[in-house]
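Residue strings, one per chain:
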Amino acid sequence: MSGFSSYPQQGYEALIQKMASSLQQLPRQEARVAQYILLNQKGLALENGKTLARKIGVSEVTVGRLLRRLGCDGTKEFKEMLRQQYAENSSLSQTPPDIPHRYQKIVRAEVSALNTIFRQTGTEQWAQAARILSEAQRVFVTGFQSVRGIAEDFVRRLSLARGAVTYFSAHDNMLAEWTDSPDRLAVKSCLVLVDVVPYARESAEIVTLAKEQGRQCIVITDEFCHWAQGLADAVIHAPSRTGLFLESTTGIALALGLLVDAVAQARPQASQQRLHTWKTQSRRLKIF
């Protein structure tokens, strides 16, 4: 049997399935590693244990511990799994020749992030998020730190597809929007929270409060967030580590845009009428 010792004893797909099913039971640091691997599979062929650990912000020992927990003999065997998985996929190393060398690896990572978002549109989590946004009588949206602007933009775009969409800030209004008959109104509303590393101190607490009041919750976040899975009704993960100076928000922007489209598709006639009315009013005010 020694002649086969350098080959994986289980397949890559089996390992990934085991990783996904075990995510909620993993220790915190190992869960971060698993979450990153699950959401960045297209770019893993370019990584090793050391670079993977550095990107995730954990020790290389943690990466190896997770893999061994799932039946893989450390990072060497995982690398061999990846080599076999992508042996026939030469597109990983192909980028347009006119892109500067500085961005060759980044463009592959950005494209991989977009693919990750589109793949999630076929999942139950995505269907749940789209259903909640379409059926809620009122939608509250909040975002923190560097992604607050993206959250506010989402409110404006979603408001063209459906009514009763509000941006609220826990710091500005102290959640005054949630003080009116919560037992009667909350069950008909939902919260969309957008947040990335370093997560705002209030994020998990606001989701918890919303759930206690009977509101449904959607969290749009990055690949490192594992706390939202146990709290929110739907979680969309957008890869952010693509090699830029600051984390990329390309994936989050795409996810939010696709959710607006999903809401519009749920009630196409109503959404088209809202869009027509908006254009008519904008022309009257000579905004455009």
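Here goes a summary of the coordinates provided. In this text the structure is predicted, and so the values were computed from the model without any measurement.

The rules behind each value
- Residues numbered from 1 in each chain as written.
- Predicted model: local features only at pLDDT ≥ 70, side-chain atom pairs only at ≥ 80, totals over all residues.
- Heavy atoms only, no water.
- Helix = DSSP H or I, 4+ residues; strand = E, 2+ residues; numbered from the N terminus.
- Contact = heavy atoms within 4.5 Å.
- Areas by Shrake-Rupley, 256 points an atom, 1.4 Å probe, with all protein chains shown as cover.
- Buried < 20%, exposed > 50% of the residue type's maximum accessible area, 1.4 Å probe, protein only.
- Arc of directions from axis to C-beta.
- Phe/Tyr/Trp six-rings, centres within 6.5 Å; stacked < 30°, edge-to-face > 60°.
- Expected span 1.5 Å × (residues − 1).
- Core = buried A, V, L, I, M, F, W, Y, C linked by side-chain atoms within 4.5 Å.
- Axes fitted to C-alpha atoms, helices over the stretch in contact; angles between N-to-C directions.
- Parallel < 35°, antiparallel > 145°, perpendicular 65-115°, else oblique.
- Left-handed = near helix turned anticlockwise from the far one by under 90°.
- Nonpolar A, V, L, I, M, F, W, Y, C, P; charged D, E, K, R; others polar.

Further remarks concern the overall build of the protein. Looking only at helices and strands, the protein features 13 helices and five strands. For the protein, restricting intrachain contacts to residue pairs at least 6 apart in sequence, the fraction spanning at least 24 positions comes to 69%. Of the roughly 15,400 Å² of accessible surface on the protein, 53% is carried by carbon and sulfur atoms.

To continue, consider helix H11 (residues 203-212). Taken together, the buried positions of H11 are Ser203, Ile206, Val207 and Ala210. Taken around the axis of H11, the buried residues stretch over an arc of 100°, which confines them to a single face. Turned more than 90 degrees off the buried face of H11, the exposed positions are Glu205 and Glu212. Those residues of H11 hidden inside the fold are in contact with helix H9 (170-173), strand E3 (189-195) and strand E4 (216-222). The first or second residue beyond H11 is Gly214, which carries a positive phi of 95°.

Turning next to the packing of aromatic side chains. All chains considered together, the criterion is met by five aromatic pairs. Ring centres 5.7 Å apart and planes at 20° place the aromatic pair Tyr36 and Phe224 in the stacked group. Of this pair, Tyr36 sits in helix H2 (residues 28-39) while Phe224 sits in the loop between E4 and strand E5 (234-238), placing them 188 residues apart in sequence. Phe224 carries the same exposure label as Tyr36, and that label is buried. Ring centres of Phe140 and Phe168 lie 5.8 Å apart, and the angle between their planes is 80°; on these two criteria the pair is classed as edge-to-face. Of this pair, Phe140 sits in strand E1 (residues 138-143) while Phe168 sits in the loop between strand E2 (165-167) and H9, and the two are 28 residues apart along the sequence. Comparing Phe140 with Phe168 shows no difference in burial state: the two are buried. By way of ring pairs, the aromatic residues Phe140, Phe168 and Trp178 are connected into one cluster.

Moving on, we get to helix H13 (residues 268-284). An ideal rise of 1.5 Å per residue puts 24 Å on 17 residues; H13 measures up with 24 Å between its terminal C-alpha atoms. Positive phi appears at Lys286, one or two residues downstream of H13, with a value of about 55°.

Time to look at the nonpolar core. Counting 35 residues, the largest nonpolar core has Leu133, Val139, Phe154 and Ile220 as the members making the most contacts within it. Looking at which element gives the most residues to this core, the answer is helix H12 (residues 250-266), with nine residues. Phe154 has contacts with Leu133, Val141, Val192, Leu256, Leu259 and Val260, leaving out every residue within four places of it along the chain.

Running from N to C, helix H7 (residues 124-135) and H12 point in directions that differ by 60°, and their axes come no closer than 9 Å. Between H7 and H12, the interaxial angle falls into the category oblique. At the point where H7 passes H12, the crossing takes the right-handed sense. Contacts between H7 and H12 pair Trp126, Ala129, Ala130, Leu133 and Ser134 from the former with Ala255, Leu258, Leu259, Ala262, Val263 and Ala266 from the latter. Looking at the contact of H7 with H12 residue by residue, the class counts come to ten nonpolar, one polar and no charged.

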